[in-house]
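# Structural description and commentary
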Amino acid sequence: MALWITIGVIVAVIVVIGFILVGMYNGLVQARLRVREAWSGIDVQLKRRASLIPNLVETVKGYAAHERETLQNVTEARARLQQAGTPGAAAEANNMLTQTLRSLFAVAEAYPDLKANENFMHLQEELTDTEDKIAYARQFYNTNVLSYNTKTETFPSVIFANMFNFEREEFFEAEEEAREDVRVSFTTPAANA
């Protein structure tokens, strides 16, 4: 009788340990899937932003034909963003695109007719809306990455993470200059005085 009780206790302990192990593994898988889902949110917004750029460039081209270098830089930065394969590469390309857009909007300041153009104003509003959505998606993504990375690096789930190749995920970070808000003003300097 005592042998059966001992075997029953051992089996119960093994079953409990099995449930704990399965729970840890499933938790890691769920966290990884949340990171991927959050990344898709950023990716959608980055693609939306990139699709606005050609229209913006074409609108500016009509007014600022001699600003070819600025327009070319924006186009190249957009292409890099579309080709980015990892969150780190996308963050770097996004930061570059933000810098070139600042230059583009600085060019627009020199053309009052462009600043008043309805299409340009609409594109600017869409871009601002998209920037807000990218910021939210970045925050959501980074929260999920933090949760996932914590699970992959804390005991005891770190054992499963290493056994089943759960790799650490990259945060979607902005460069120091890109951390500042993009300031776009469509008023003339005299109007600000």
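Look above for the structure.
Right, let's walk through the structure included here.

Criteria and cut-off values
Residues numbered from 1 in each chain as written. Predicted model: local features only at pLDDT ≥ 70, side-chain atom pairs only at ≥ 80, totals over all residues. Heavy atoms only, no water. Helix = DSSP H or I, 4+ residues; strand = E, 2+ residues; numbered from the N terminus. Buried < 20%, exposed > 50% of the residue type's maximum accessible area, 1.4 Å probe, protein only. Contact = heavy atoms within 4.5 Å. Areas by Shrake-Rupley, 256 points an atom, 1.4 Å probe, with all protein chains shown as cover. Salt bridge = Lys/Arg side-chain N within 4 Å of Asp/Glu carboxyl O. Phe/Tyr/Trp six-rings, centres within 6.5 Å; stacked < 30°, edge-to-face > 60°. Core = buried A, V, L, I, M, F, W, Y, C linked by side-chain atoms within 4.5 Å.

## Observations regarding the overall build of the protein
Regarding its fold elements, the protein presents 7 helices and 0 strands. Its helices and strands in sequence order give the protein the pattern α-α-α-α-α-α-α, from N to C terminus. By the burial criterion, 34% of the 193 residues in the protein qualify as buried. For the protein, contacts bridging at least 24 residues in sequence account for 77% of all contacts bridging at least 6. Accessible surface computed for the protein: about 11700 Å², of which carbon and sulfur atoms make up 58%.

## Quick word on the pattern of salt bridges
Per the stated rule, a full pass over the model turns up 6 salt bridges. Across the salt bridge formed by Asp 129 and Lys 133, the nearest N and O atoms sit 3.3 Å from each other. Separated by 4 residues within a single helix, Asp 129 and Lys 133 lie in helix H5 (residues 118-153), roughly one turn from each other. Put simply, Arg 48, Glu 126, Asp 129 and Lys 133 are held in one network by salt bridges that share partners.

## With respect to the packing of aromatic side chains
For the structure on display, the rule yields 6 aromatic pairs. Each ring, one from Tyr 25 and one from Phe 164, has its centre 5.0 Å from the other, and the planes form 65 degrees; the classification is edge-to-face. One end of the pair, Tyr 25, is in helix H1 (residues 2-63); the other, Phe 164, is in the loop between helix H6 (157-163) and helix H7 (189-192), and 139 residues separate them in sequence. Here Phe 105 and Phe 120 contribute two aromatic rings whose centre-to-centre distance is 6.1 Å and whose plane-to-plane angle is 65 degrees, an arrangement assigned as edge-to-face. Placement of the pair is Phe 105 in helix H3 (residues 87-109) and Phe 120 in helix H5, with a sequence separation of 15 residues. When sorted by exposure, Phe 105 lands in the same class as Phe 120, which is buried. Taken together through their ring pairs, the aromatic side chains of Tyr 25, Phe 160, Phe 164 and Phe 166 make up a single cluster.

## A look at the nonpolar core
Core analysis: the largest hydrophobic core is formed by 41 residues, its most contacted members being Leu 46, Leu 56, Leu 101, Tyr 141 and Phe 172. Going through the elements one at a time, H1, helix H2 (68-83), H3, H5 and H6 are the ones with two or more residues in this core. Looking at this core, the element that brings in the most residues is H1, giving 13 residues.

## Describing unusual backbone geometry
The peptide bond linking Phe 155 to Pro 156 adopts the cis configuration, its omega dihedral lying at 5 degrees. One non-glycine residue with positive phi stands out, namely Asn 165, at about 55 degrees. Examined against the element boundaries, Asn 165 turns out to sit in the loop between H6 and H7.

## Considerations on the environment of Lys 61
For Lys 61, the position within the fold is in helix H1. A relative accessible area of 40% places Lys 61 in the partly exposed class. Lys 61 sits 10 residues away from Leu 71 along the chain, and the two C-alpha atoms are 7.7 Å apart.

## A short note on the side chain of Asn 94
Note that Asn 94 resides in helix H3. A residue is classified by how much of its surface remains accessible, and Asn 94, at 3% relative accessible area, is buried. Beyond its immediate sequence surroundings of up to four residues, Asn 94 is in contact with Leu 46, Arg 49, Leu 81, Arg 138 and Phe 172.

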